[in-house]
Every structure is written in structure tokens, then in C-alpha cells.
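# Coordinate inspection notes
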Amino acid sequence: MIGKRLTTLALAASISLIPTTALAQGNGTDGQKPLDINQHQKQLQRFKQWSNDKFNVVWAEQGEIPTFVSGVLSKRTVRELSEIKHFLKENQKVFHLDPKSDLKLSHEVEDQLGMTHYQFVQSLKGIPIAGARFTVHTNDKGKVTTVTGNVHPKVRENLKGDLSPNLSKQQAIQKAWEKIGLSPEKTQGVPKQSDLKNKTESANLVVYPYKGNSYLAYHVQLRFIYPKPGNWQIFINANNGSVIQTYNAVMDDGPTTGYGYDIFGNKRTLHTFYTKNTYYLTDTTKPMKGYIETFTARNGKSLPGVNVMDNNDAFTAQNQKAGVSAQYNVGQVYDYYYNTFGRNSYDDNGAILRSTVHYGTNYNNAFWNGVQMVYGDGDGSTFIPLAGSLEVTAHELTHAVTQSTAGLEYHDQPGALNESISDTFAYFVNPNNFLMGEAVYTPNRSGDALRSLKNPSKFGQPENMSDYVYTSRDNGGVHINSGIPNKAAYLTIQSLGKDKAEQIYYRALTTYLSPQSQFSDARAALLQAAADLYGYNSEYKAVANAWDEVGVY
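Our subject in this report is the structure included herewith. All values derive from a computational prediction rather than experimental measurement.

## Section: the overall build of the protein chain
On a plain count of helices and strands, the protein chain comes out with 13 helices and 28 strands. For the protein chain, the proportion of its 553 residues judged to be buried stands at 59%.

## Focus on the nonpolar core
Tyr375, Phe425, Phe519 and Trp547 are the most contacted members of the largest nonpolar core, which has 81 residues in total. Residues within four places of phenylalanine 425 in sequence aside, it is in contact with Tyr336, Tyr337, Phe341, Ala394, Thr398, Glu502, Tyr505, Tyr506 and Leu509. Leu88, Phe134, Val136 and Val144 belong to the second-largest nonpolar core, a separate cluster that totals 24 residues.

## Quick notes on helix α5 (residues 169-180)
For α5, built from twelve residues, the straight-helix expectation of 16 Å at 1.5 Å per residue is met to within 8% by its first-to-last C-alpha distance of 17 Å. The complete set of buried residues in α5 reads Ala172, Ile173, Ala176, Trp177 and Ile180. Seen along its axis, α5 keeps its buried residues to an arc of 140°; they face one direction.

## Remarks on the sheet that holds strand β17 (residues 267-275)
What holds strands together in a sheet is hydrogen bonding between their backbones, with the strands either parallel or antiparallel. Read from one edge to the other, the open sheet built from five strands follows the order β22-β18-β17-β16-β23, with strand pairing classed as mixed. With partners counted over all chains shown, the strands left at the sheet margins are β22 (309-310) and β23 (314-315), one partner each. Note: β17 against strand β18 (residues 278-280), three bridges, orientation antiparallel. In the sheet register, threonine 275 faces β18, and the bridge partner there is threonine 278. Lying on the sheet, helix α6 (residues 321-341) is in contact with β16 (256-261), β17 and β23; it crosses β17 at an angle near 90°.

## Side note on the pattern of salt bridges
Scanning the model with the defined rule gives 15 salt bridges in all. The residue arginine 156 makes a salt bridge to aspartate 102 at a minimum N-O spacing of 3.0 Å. Within this pair, whereas arginine 156 is found in the loop between β9 (144-149) and β10 (159-160), its partner aspartate 102 is found in helix α4 (residues 99-102), the two being separated by 54 residues in sequence. Owing to a relative accessible area of 45%, arginine 156 belongs among the partly exposed residues under this scheme. Accessibility expressed as a relative area gives 5% for aspartate 102, which makes it buried. Residues lysine 500 and glutamate 539 are paired through a salt bridge, measuring 2.6 Å at the closest nitrogen-oxygen approach. Of this pair, lysine 500 sits in helix α11 (residues 498-512) while glutamate 539 sits in helix α13 (residues 538-549), and the two are 39 residues apart along the sequence. Overall, the relative accessible area of 8% leaves glutamate 539 in the buried class. Shared partners join several salt bridges into a network, and the residues in it are Asp111, Arg507 and Asp532.

## Description of the packing of α6 against helix α7 (residues 390-404)
Running from N to C, α6 and α7 point in directions that differ by 55°, and their axes come no closer than 9 Å. One way to sum up the angle between α6 and α7 is to call them oblique. In this structure, α6 meets α7 at a crossing whose hand is right-handed. Touching Asn329, Val330, Gln332, Val333 and Tyr337 of α6 are Leu390, Thr393, Ala394, Leu397, Thr398 and Val401, all from α7. Classifying every residue of the contact of α6 with α7 gives seven nonpolar, four polar and no charged.

## Thoughts on the packing of aromatic side chains
Tallying each qualifying case throughout the model produces 29 aromatic pairs. Seen in terms of ring centroids, tyrosine 334 and tyrosine 338 are 5.8 Å apart; in terms of plane orientation they differ by 10°. Their pairing is stacked. With tyrosine 334 and tyrosine 338 both in helix α6 and four residues apart, the pair spans about one turn of that helix. What makes tyrosine 334 buried here is its relative accessible area of 3%. By relative accessible area, tyrosine 338 is classed as partly exposed at 32%. Pairing phenylalanine 434 with tyrosine 490 gives two aromatic rings, centres 4.8 Å apart and planes at 90°, and the pair type is edge-to-face. Separated by 56 residues along the polypeptide, phenylalanine 434 in the loop between α8 (412-429) and β27 (435-436) and tyrosine 490 in helix α10 (residues 483-496) bring together distant segments of the chain. Take tyrosine 490: its relative accessible area is 11%, and that puts it in the buried class. By way of ring pairs, the aromatic residues Tyr336, Tyr337, Phe341, Phe425, Tyr427, Phe428, Phe434, Tyr490, Tyr505 and Tyr506 are connected into one cluster. When the ring centre of tyrosine 259 is taken as origin, the NZ or CZ atom of lysine 267, which lies over that ring, is 4.6 Å away.

Basis of the calculations
- Residues numbered from 1 in each chain as written.
- Predicted model: local features only at pLDDT ≥ 70, side-chain atom pairs only at ≥ 80, totals over all residues.
- Heavy atoms only, no water.
- Helix = DSSP H or I, 4+ residues; strand = E, 2+ residues; numbered from the N terminus.
- Buried < 20%, exposed > 50% of the residue type's maximum accessible area, 1.4 Å probe, protein only.
- Core = buried A, V, L, I, M, F, W, Y, C linked by side-chain atoms within 4.5 Å.
- Contact = heavy atoms within 4.5 Å.
- Expected span 1.5 Å × (residues − 1).
- Arc of directions from axis to C-beta.
- Pairing = 2+ DSSP bridges.
- Axes fitted to C-alpha atoms, helices over the stretch in contact; angles between N-to-C directions.
- Salt bridge = Lys/Arg side-chain N within 4 Å of Asp/Glu carboxyl O.
- Parallel < 35°, antiparallel > 145°, perpendicular 65-115°, else oblique.
- Left-handed = near helix turned anticlockwise from the far one by under 90°.
- Nonpolar A, V, L, I, M, F, W, Y, C, P; charged D, E, K, R; others polar.
- Phe/Tyr/Trp six-rings, centres within 6.5 Å; stacked < 30°, edge-to-face > 60°.
- Lys NZ or Arg CZ within 6 Å of the ring centre and 35° of its normal.

This is a description of form; function is not addressed.
As C-alpha cells, this is what we get:
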């Protein structure tokens, strides 16, 4: 068996139903480790009684630490930060944390349901712990209903080395370049334009938990687009300069009124911008701080390239079709998120939505590079211009939404969730069928697609945890194992319909998921979102049944 089962524990009639063992996660086998039930039993019993059995727990690796707890978690009203900290102090043994020394409030927001979400980051002597985000959620009555996220209670005792770096930031950056076999001189980086808020290279000091140990490390990020797209995440030991972990997080597979023709010959009405006797593919009519604009790389690899422009507001030339497609499709995705959820661009703050078409020569890919969309033209056999696919655009821009919300790390189960969420919202944007990218993929082969939510196995993906693929390729199989949550999404949509499913998925993504969420956390997040929106009724049961069917309990 190459699969594993991830467990969500539901407290039923008695606290004694909590097992004294829990399934281990992350090691490729079903292992067991005893839980210190005496430490949790009294408070969990109270939670269970208050919640009328609607109490769920997801346990992290080795069944020691809860990463998702939902139910009625407080009887006392909690509306101030001091009261939140008091709640955490009362329950620090349950959540394995010390709110006085370890947690710092990073974000507090009240949502449209009247719920307030207090997001904390965990640190060690003032140094943030990578990926350690912890959120307390209260309902409109000020009662704690959910606690989510990952903390690392043993980070002190597992620390290898000390908390005084021997390397400078620049030395860490240099070692990161050496690790990937490149240098700034051999790459072309993302432009350092002020509106992009991006640097080609950066390094931040963190404490990095990794494989049972923790290290003082520099989190180095290297972003460039030549010789091939890079959004490298590299952790360099700040004491001795060794490389702890590295992976490439490029998420691949991007007022006037004029018109143009897309790559399929469809006439599209376009909002353009006129200045100095020239019309630009720039839409300034959306209710956003920025705008939607499209560039062309002219088959080169310099980003963003030059503006797609025309002298008569009719974008009808052959070499303008990909630009028309990109501009139109990005507008459709923006409208979907804004009209459906009130979300203003990927960051919900009206950020610029920039696309570049005609990237490279015969380039069979499209990607979000952390700043903008980029589309290749394809080689005419594997792909035709990828800007023509609304699902591809929706998929990539949803990566940007995920980047700005849950921050799902792009490797292993969090990365597979990242991919699956992009596929799922691609369907929500364009619900004609459950196929991904079929309009631009293998144009001479009918019925072919990149992936299918309905039938993942048709395109080589697993549909159940029993078939989970453990691999070091593809950042731990992010494009492979996404088939499991994809099938759960399909089953949810079939049971509830698109309208309810998309609301549940959006709330889970923007409210409950966190950078290191596993499949079990996604199940719990979606259940909690369903409960928030529709109560513990048929919608809640439909989500539970969907994940049961794919082997995530």
C-alpha cells in the first residue's frame, strides 16, 4: 500500500471515545503513538458537552497536536485581544502553546457573517517560526468556535545550534544561488517596479522546523523568468551555511471600448485605454486600485515585455489574438471573484492584474510567477496559445488568491491542495464541464485535457488516499495527488450544486486553511465553512460524505 489515511476525530457520546493512539502523518506509513489523554481530557470533555457532539479535532503529525478544533470552545464572550490571550492561556495544554512568549497578533478581521478571526504567528525569542500560523475564530456572539493552524511546541528543545547567525543575509543569498547552479548574471529577474512590490532576491531570518529538528535559517527567495521560471524557496542554515531544504514554487501547468478577436476567432468587447493617439489593452474601469493590462514578450523572455497596443482600438491582427484572449479572460476571472465573493483582485486590495503573452518560442506552459500571469504560445501539438483557456487563467489567478490568503506551501499535501483549489475554482469560473484546459491542450486529440475533477484517474491521478503517490518529483507530487481533493470537490459539487459549493470552498480557503494544511485539515476547514454558512445540515453531511469517499476521514 502506498496510501495513507488521515483522520479527523469526532467526539461523540463520551470522551472515552477519543482513542489513545492517532494515525501518524507525513512519514508514508500508518504509525501510532500514544496520546497524553490526561492532559486534554478534562477540557475536551467540556468542549464536547458545550458543543452537543458537534466537535471535531484534526491531529497533526504523530497525533500529538491539534491543528483544527471546532465546536463551542468558550462559554465566556471573547471580544478583545486580552480576552483571546486569556482563552489561550486557559487552554495552553490543549493547544500546546505559550501565548505570552510565543504568539504575536499579525491580523484581526471581522467578516460578513459577523465572525472575527485573530491570526497569530509563533516566534522563538522574536524570530518567526516558518509556517507557524495560528488563528482563533469567534462567532458573531463573541464565542470561540474554531482554532486552526500549526504550532511547534518542541521547537526550543529540538533546536540544532543557537539563535545567533554566523552568516549574513548576503552570504545566505549567495549560497542559495550556488545551490540552484545559477547567478543573478545568468538570469533575468522580475522587474523591480514599485507597483509590483517585488524583489528578485530576498532573505529573512526564521526558525525552520524540519524533519524533527529545528534550525536558525535564512528563508531565501529567488525569483526570475530566464533561463526558466523560478520562484525558489531555499532554507539556508544560518549557523553553518548548509542547505536545509529547497523547492521551486513556480505554480505552472498567467477608458474606451474597443474589440478584438481571441485565438478561437471569437469577437470580444474590450475595455481599453487611449493616450497619445494609441489604444492599450488596459482596463481601468474595474473598481480596483490598479487595472488589468496585457503585455507581449514578442517571443522573448523579458518580463513584462511591451504593452499590447493598437492605433484604432480594433485588435484584430493575428499576433494580437493571444493578448485579446488574456485580457478578456483575466477580466472574467476578476468579475467572478468580485461578483461572487466581493473580492477585489487577488489580494482583495485592488492589485494590478498583469499578463504577458507570446512568452518564449513554442513554450508549452502558463504560470503565475508570484507577481503576474505569463502565457506561452505552445508548440501547436501539445498546446496552442494557453491564453485562450479561461480555465488556465482561472487556475493560475487562484494560485494568486491562495498566495494572499491560506498561503499553502507548494510541496507535498499543502501543494497538492494548492493545485486542487486552483482546479476547483477554474471549474467555478467556467462550469461547462469538469475538464481542465481541454480547449488548448492537444488540439488534434478530442476529449483530451490536463486533468478532470470528475475522473482524475483518466489522466493518471489517484482518486483515493489508498492510492496516494509518495514521490520526490513534482515537489512531492503536487500535480499528481491533487486528484484526491479534486474528486472530493466534484462529489461536493454534485451533491450541493455549484452555488453552495463555491461559497463553502471560498470560506475554507480564505478563513480556515493555513500554509501547512494537510488533506485532513482541508476536510475540517470545509466542514467548518459549511457549518458557518448553512449549519450542521445536509450541506455539512455532503461535504463529509465527499471526503469519506476519497478516504480522508
